[in-house]
Amino acid sequence: MRHIISALVENKPGALARIVGLFSARGFNIESLAVGETENSEVSRLTIIVGGDEAILEQVRKQLGKVIDVLKVQDISDDSFVERDLMLLKVSAKAGKRPEIIEIANVFRAKVVDLGEKTIMFELTGPEEKINAFINLMRPYGIKELARTGRIAVLRS
Amino acid sequence: MKGSKLIIEALRKEKVKVVFGYPGGSLIPLFHDLQDAKDIKFILPRHEQGGGHMADGYARVSGEVGVAIATSGPGATNLITAIATAHMDSIPMVCITGQVKTTLIGNDALQEADITGITRPITKHNFLVSDPEDLPEIMVSAFHIARSGRPGPVVIDLPVDITIADIKTKLPAKPTLPGYHPRYDPNPKQVERAAEMINKAKQPVMYVGGGVISSECSDLIKKMSEKGNIPVTTTLMGLGAFPETHKNSLLMLGMHGTAYANLAVTNTDCLIAIGARFDDRITGKISEFAPNAKVIHFDIDPTSVSKNIRVDIPVVGDATKSLKKLIPLLKKSARKEWFSQIDEWKEKYPLAYKGSGLRPQYVIEELYKLTKNKKTIICTEVGQHQMWAAQFYTFTKPRKWVSSGGLGTMGFGLPAAIGAQEAKPDHLVINIAGDGSIQMNIQELTTALANKLPVKTVILNNGYLGMVRQWQELFFDKRYAQTPLKETNPDFVKVAEAFGCTGIRVTKKEDVVAGLKKMIATEGPVFLDVQVEPEENVFPMVPAGEAIDRMMGMT
């Protein structure tokens, strides 16, 4: 089962390496990892998607908690939360195909951020299913490049 | 204040009496000022690994933080094995490594190595001092982290320019570590549940590890065993946490534990783990480990709980605090059937050895007889001799046994003994070694002599890397690949003499006692080269991956 772990980490040199090293040393499987500063510039939020059974997840939580730079660890999978993933996708778009590509993009509320002679670049945010669905629909046109931030998540109040 | 002087002030604040260190280019300013700190003794090993193990041995017998210093690059990488050894056994250490100038870091400068990167997985925490004003906080944090919670080694990587910088910030009274809050006080409800389960148990066993030594609560283990009438087995790290002369003692458990300890654990209905971590050498085949037992686990480290074995009642906290709350809740129970069963096993499967000639087990037994009424610390290297020492020496007090448990580091014993002797000058410190292990840090004999630390080494010389040879005999068709050493071993008596120490050789059983007596009576460091039966095995033995009640060589 996949879990969403949200951790607050002190912005110290080596803190991220410590966490990534912990996952590889203990054989935990990271599906996605996103890091960024929080409202406090000395603290970062890590959102980690990790797979495994309950026993593994318990170890993941505890091992993260043991890292001295980690301030707080939460498994938010069972709670109500908002999650987002940001994607930039460049797709091949010859003149004749453009209208239908943009039509699909409109349904997803993807934003055109760059328009070239042969390609269009879209920016899309949303939960993972939405992003994946958009990728699948763009695939037949020829995806040139794609970058994703990985998922970030925050609990609802 | 100058960086190097601030470091010395921090060492004083942490009550450091001795440092084990080796100089080098990046450390010249620090050593320049350490020379004036007459209240901090300086011991120079002959290899940084030796210095690391000395700091470790010092910490194990004194309970204080051991301090090792090594220069950047090769000096620091030479410390790695010592750091990993301390990490696996939860030993409090602070290691200061020199580093190239902050402006050169990352440039592949002379004697540069990424030590915080290399040591990240083998330290409790590490620091690279990149701003001189961070140094005071880092010094105080390092000692606090090393000694609190589950202890462990902390590395401070110290660029040379930091040691000569003028630092305005003062040493703080306490560190600021917002993400570090080790839990000492147990949840009282969990303690109550544990007591209830123990009181209901018909066949409980206490399984005691090194955490009890760190927490200094061996007296409470005895109290608990006596009040609840519960048999006690200890791990290799827990030797001395419960007197092996006590009627409730089952001695050591696990791969080379006693058959009766392993049978008791296999048949128990309530396994009470205290400061132990269910290591693979303890559990054997996990699915058949203590199959009928409810498991209670007292540990200060929550990650140890339910890591290898599912635990029914975890009690996270300091063992001393937990046991103080638990013991008043325990009820006395005769457990007659359980103890008569255990006595039957003890009678049927005693620890024993057979055969004529000079058996290594005999040497350990005689050593015990000669030293049991003295203040004695036993250190070991790693291998067969280590297991025989664990089995046949009788441990009755904590911090009298110094051995590399988790990492299994050959070459640990001699330097650790030197550190132990520095911590306890009034004790007889004996390193039990094999002919393979002793050659790994043999250069430290110079350190022992130079610092008047009269450690004695008993080499159980069988001319083999014996533990590997034993596995080759039992599981690899007796193909002794790269394990025979006899033809190429040095003359250990002459080696000792060349170092300016004493060497004694014993080749016959009837000379063992005289040899041991002479070793003990000799001033200064001694090598006692005892040429034992070459192909003796350590029994009983749980084959790797087998259930622990199925042992080879149960006599």
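Rules of the game
- Residues numbered from 1 in each chain as written.
- Chains lettered and ligands numbered in written order.
- Predicted model: local features only at pLDDT ≥ 70, side-chain atom pairs only at ≥ 80, totals over all residues.
- Heavy atoms only, no water.
- Domains from an automatic or database assignment.
- Contact = heavy atoms within 4.5 Å.
- Salt bridge = Lys/Arg side-chain N within 4 Å of Asp/Glu carboxyl O.
- Polar contact = N/O pair within 3.5 Å; in protein donor to acceptor, adjacent residues only side chain to side chain.
- Helix = DSSP H or I, 4+ residues; strand = E, 2+ residues; numbered from the N terminus.
- Buried < 20%, exposed > 50% of the residue type's maximum accessible area, 1.4 Å probe, protein only.
- Phe/Tyr/Trp six-rings, centres within 6.5 Å; stacked < 30°, edge-to-face > 60°.
- Lys NZ or Arg CZ within 6 Å of the ring centre and 35° of its normal.
- Buried area = accessible area lost by both parts, 1.4 Å probe.
- Nonpolar A, V, L, I, M, F, W, Y, C, P; charged D, E, K, R; others polar.
- Pairing = 2+ DSSP bridges.
- Axes fitted to C-alpha atoms, helices over the stretch in contact; angles between N-to-C directions.
- Disulfide = S-S within 2.5 Å.
- 1 Å grid on protein atoms, 1.4 Å probe; cavity = no way out; pocket = protein on both sides within 12 Å on 5 of 7 lines; lining within 4 Å.
- Points joined across faces, edges and corners; volume = space filled by probe spheres on them.

What about the domain arrangement of chain A?
Residue and element names in this part refer to chain A.
Move 1: On domain assignment, one finds that chain A holds domain 1 (2-75) and domain 2 (82-155).
Move 2: Counting residues at the interface gives ten residues for domain 1, matched by eight residues for domain 2.
Move 3: One can count one salt bridge joining domain 1 with domain 2.
Move 4: Put simply, E128 and R2 hold a salt bridge, and the shortest N to O gap is 3.2 Å.
Move 5: Our enumeration of links across domain 1 and domain 2 arrives at two residue pairs in polar contact (both at pLDDT 80 or more).
Move 6: Looking at the side of domain 1 that touches domain 2, the elements that each hand over two or more residues are β1 (2-10), β2 (29-37) and β3 (43-51).

A word on the pattern of salt bridges
All names here are of chain A.
Move 1: Here the structure, examined in full by the defined rule, presents 37 salt bridges over all chains.
Move 2: In this structure, R151 and E83 form a salt bridge, with 2.3 Å as the shortest nitrogen-oxygen distance. With a gap of 68 residues between them, R151 in the loop between β8 (143-148) and β9 (152-155) and E83 in strand β5 (residues 81-92) connect regions that are remote in the sequence. Just as R151 is buried, E83 falls in that class too.
Move 3: The network of salt bridges with common partners includes R2, E31, E83, E128 and R151.

Some remarks on the packing of aromatic side chains
Residue and element names in this part refer to chain B.
Move 1: Under the counting rule described, the total for this entry stands at 14 aromatic pairs over all chains.
Move 2: Each ring, one from Y207 and one from F278, has its centre 5.1 Å from the other, and the planes form 75°; the classification is edge-to-face. Taken together, the positions of Y207 in strand β7 (residues 204-208) and F278 in the loop between β10 (270-274) and α13 (280-283) put the pair 71 residues apart, joining distant regions of the chain.
Move 3: Exposure remark for Y207: the relative accessible area of 0% places this residue in the buried category.
Move 4: With a centroid separation of 5.7 Å and 70° between ring planes, the pair formed by Y464 and Y480 is classed as edge-to-face. With Y464 in the loop between β16 (456-461) and α20 (466-475) and Y480 in the loop between α20 and α21 (492-498), this pair connects stretches of sequence that are 16 residues apart.
Move 5: One aromatic cluster in this structure is built from Y368, Y393, F395 and W401.
Move 6: In this structure, K247 packs its charged tip against the face of F339, placed 5.7 Å from the ring centre.
Move 7: Note that R469 overlies the ring of Y464, its terminal NZ or CZ placed 5.4 Å from the centroid.

Re the interface of chain B and chain A
Move 1: With 16 residues of chain B at the interface, the matching set in chain A holds 15 residues.
Move 2: Taken together, the two surfaces of chain B and chain A that pack against each other cover about 1300 Å², and 55% of this comes from carbon and sulfur.
Move 3: Residues K66 of chain A and D301 of chain B are paired through a salt bridge, measuring 2.7 Å at the closest nitrogen-oxygen approach.
Move 4: Our enumeration of links across chain B and chain A arrives at six residue pairs in polar contact (both at pLDDT 80 or more).
Move 5: When grouped by side-chain class, the residues that make up the side of chain B that touches chain A number six nonpolar, five polar and five charged.

Overview of the side chain of T85 of chain B
Residue and element names in this part refer to chain B.
Move 1: Residue placement: T85 occurs in helix α5 (residues 80-88).
Move 2: Owing to a relative accessible area of 0%, T85 belongs among the buried residues under this scheme.
Move 3: Within polar-contact distance, the side chain of T85 engages the side chain of T409 at 2.7 Å.

With respect to the sheet that holds strand β8 (residues 232-234) of chain B
Residue and element names in this part refer to chain B.
Move 1: The six strands lie next to each other as β9-β8-β7-β10-β11-β12, forming an open sheet whose pairing is parallel. A single partner strand is all that each edge strand has here, and the edge strands are β9 (249-252) and β12 (313-316). Here the strands of the sheet are splayed against their neighbours by 15° on average, with no regard to which way each runs.
Move 2: Two strands pair when backbone bridges link them, and β10 and strand β11 (residues 294-299) are joined in this way by five bridges, in the parallel orientation. In the sheet register, L271 faces β11, and the bridge partner there is V295.
Move 3: Here helix α9 (residues 188-200) sits on the sheet and contacts β10, β11 and β12; the angle it forms with β12, its principal contact strand, is near 135°.
Move 4: Where helix α11 (residues 218-228) meets the sheet, it contacts β7, β8 and β10, and its direction lies at approximately 175° from that of β7.

Thoughts on the state of the cysteines
Here a disulfide denotes one covalent bond, and it connects the sulfur atoms of two cysteines.
Move 1: Inspection of the entire model under this criterion finds zero disulfides over all chains.
Move 2: C217 of chain B takes part in no disulfide bond, and the closest cysteine sulfur, belonging to C270 of chain B, lies 18 Å away.

Comments concerning the layout of surface pockets
It is a probe the size of a water molecule, rolled over the atoms, that shows where empty space is left.
Move 1: Empty space within the second largest pocket amounts to approximately 1300 Å³.
Move 2: Residue lining of the second largest pocket: 43 residues in total, with Q63, K66 and V67 of chain A together with D301 and T303 of chain B positioned closest to the centre.
Move 3: When residues in the lining of the second largest pocket are grouped by element, the largest group, seven residues, is from helix α1 (residues 15-26) of chain A.
Move 4: Looking at the lining of the second largest pocket residue by residue, the classes come out as 16 nonpolar, 15 polar and twelve charged.

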